[in-house]
Amino acid sequence: MQLVAVDYQAENAAELFTRSLRETGFGVLKNHPIQQSVVESIYKNWQTFFDGEQKHDFVYNKDTQDGFFPASVSEVAKGFKAKDIKEYYHFYPWGICPDNLKEELANYYKMANDLAKELLGWVEQYSPEEVAAKYRQPLSSMIEGSEQTLLRVLHYPPLQGNEEPDAIRAAAHEDINLLTILPSANEPGLQVKKQDGSWMDVPCDFGNLIVNIGDMLQEASGHYYPSTTHRVVNPEGQDQSRSRISLPLFLHPKPEVVLSDRYTADSYLKERLRELGVI
Ligand SMILES: O=C(O)CCC(=O)C(=O)O
Ligand SMILES: [Fe+2]
């Protein structure tokens, strides 16, 4: 298993990219339309937000799940006991967001959604006939106008040395959604699990865009596209004093979208959130 960055502008980009998704659950794009300067500015502005006190005025709403999630309520991945060492903000265009950060994030949300739509088109185009026959509607239309798609701004603080034993920045998990779009973070740490059970670093050259399959696309494609386990490991040595910011966009279909004979997007999401103890 190998992850090679595919040039978005190349003639055979769609073919190479979807082959990588099929074989590894992950694809890496370079030369793509999301401007690095925009991503860098978001990282900088949100570092200031996480370092400040204002975040406590934006604590998440339990019913709607938008807003700031402090480290004390951070996720525990399925099958793990220790909380992840992270805090994060859930942004939805309809949700709460500090005024000074909203426009930039909303613009990014739209830009990343547009690209995601195109990538879902690639996925559909390169699905074998018997797999494409399983899609109840075009994949790209599943997310069109969805209010469920979530942009998460993640802050992994510097390590203090008093973390729970076994706690890592993000314990091994699979994403629940259709597809995840993740610009390279400002620090390394993301790893993907190989079929032999060992871990491989995801190439994190600044400017790359990492895309991975989530459980919902695995379900909708009858497991043709695998939702691969990944994690974020702790830095070592000098790097322990460094924060890490990342910005995954989790593409969620509209709730009524039928994924398979067994699930709609809504029933699937609820089942997973219940397992995680979030609802
Ligand atoms: O921070 C990262 O690089 C990945 C985060 C992630 O996998 C997640 O939030 O689901
Ligand atoms: Fe993830």
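Residues numbered from 1 in each chain as written. Chains lettered and ligands numbered in written order. Predicted model: local features only at pLDDT ≥ 70, side-chain atom pairs only at ≥ 80, totals over all residues. Heavy atoms only, no water.

Chemist: Lay out the site of ligand 1 with the relevant residues and their values.
Modeler: By nearness alone, every residue bordering ligand 1 is listed as Arg-152, Leu-154, Tyr-156, His-173, Asp-175, Leu-182, His-230, Val-232, Arg-244, Ser-246 and Phe-250. One of the side-chain nitrogen or oxygen atoms of His-230 is found 3.1 Å away from an oxygen atom of ligand 1. One of the side-chain N or O atoms of Ser-246 is found 2.7 Å from an oxygen atom in ligand 1. Calculation on ligand 1 without its partners gives an accessible area of 290 Å², and the protein chains cover 96% of this total. If you list the elements that add at least two residues to the shell around ligand 1, you get β5 (150–156), β11 (230–232) and β12 (244–246). Class assignment for the residues of the shell around ligand 1 results in 5 nonpolar, 3 polar and 3 charged. (Near = heavy atom within 4 Å. Polar contact = N/O pair within 3.5 Å; in protein donor to acceptor, adjacent residues only side chain to side chain. Areas by Shrake-Rupley, 256 points an atom, 1.4 Å probe, with all protein chains shown as cover. Helix = DSSP H or I, 4+ residues; strand = E, 2+ residues; numbered from the N terminus. Nonpolar A, V, L, I, M, F, W, Y, C, P; charged D, E, K, R; others polar.)

Chemist: So what's going on with helix α1 (residues 13–24)? Residues and values would help.
Modeler: Under the 1.5 Å per step criterion, the end-to-end length of α1 is 16 Å for 12 residues, consistent within 8% with the ideal 16 Å. For α1, the full list of buried residues reads Ala-13, Ala-14, Phe-17, Thr-18, Ser-20, Leu-21 and Thr-24. The arc that holds every buried residue of α1, seen down its axis, measures 150°, which confines them to one face. Taken together, the buried residues of α1 touch β1 (5–7), β2 (26–30), α3 (99–125) and β10 (209–213). Immediately beyond the C-terminal end of α1, within one or two residues, lies Gly-25, with a positive phi of roughly 80°. (Expected span 1.5 Å × (residues − 1). Buried < 20%, exposed > 50% of the residue type's maximum accessible area, 1.4 Å probe, protein only. Arc of directions from axis to C-beta. Contact = heavy atoms within 4.5 Å.)

Chemist: Go over the sheet that holds β11, please, and point to the residues and values.
Modeler: Consider a sheet: its strands pair through backbone hydrogen bonds, and that pairing is either parallel or antiparallel. With antiparallel pairing, the 4 strands of this open sheet are ordered in space as β6-β11-β8-β9. With one partner strand each, in any of the chains shown, β6 (170–173) and β9 (199–201) form the two edges of the open sheet. Each strand axis lies, on average, 25° off the axis of its neighbour in the sheet, ignoring direction. With 2 bridges joining them, β6 and β11 adopt antiparallel strand pairing. Bridge assignment links Ala-170 to a residue of β11, and that residue is Val-232. (Pairing = 2+ DSSP bridges. Axes fitted to C-alpha atoms, helices over the stretch in contact; angles between N-to-C directions.)

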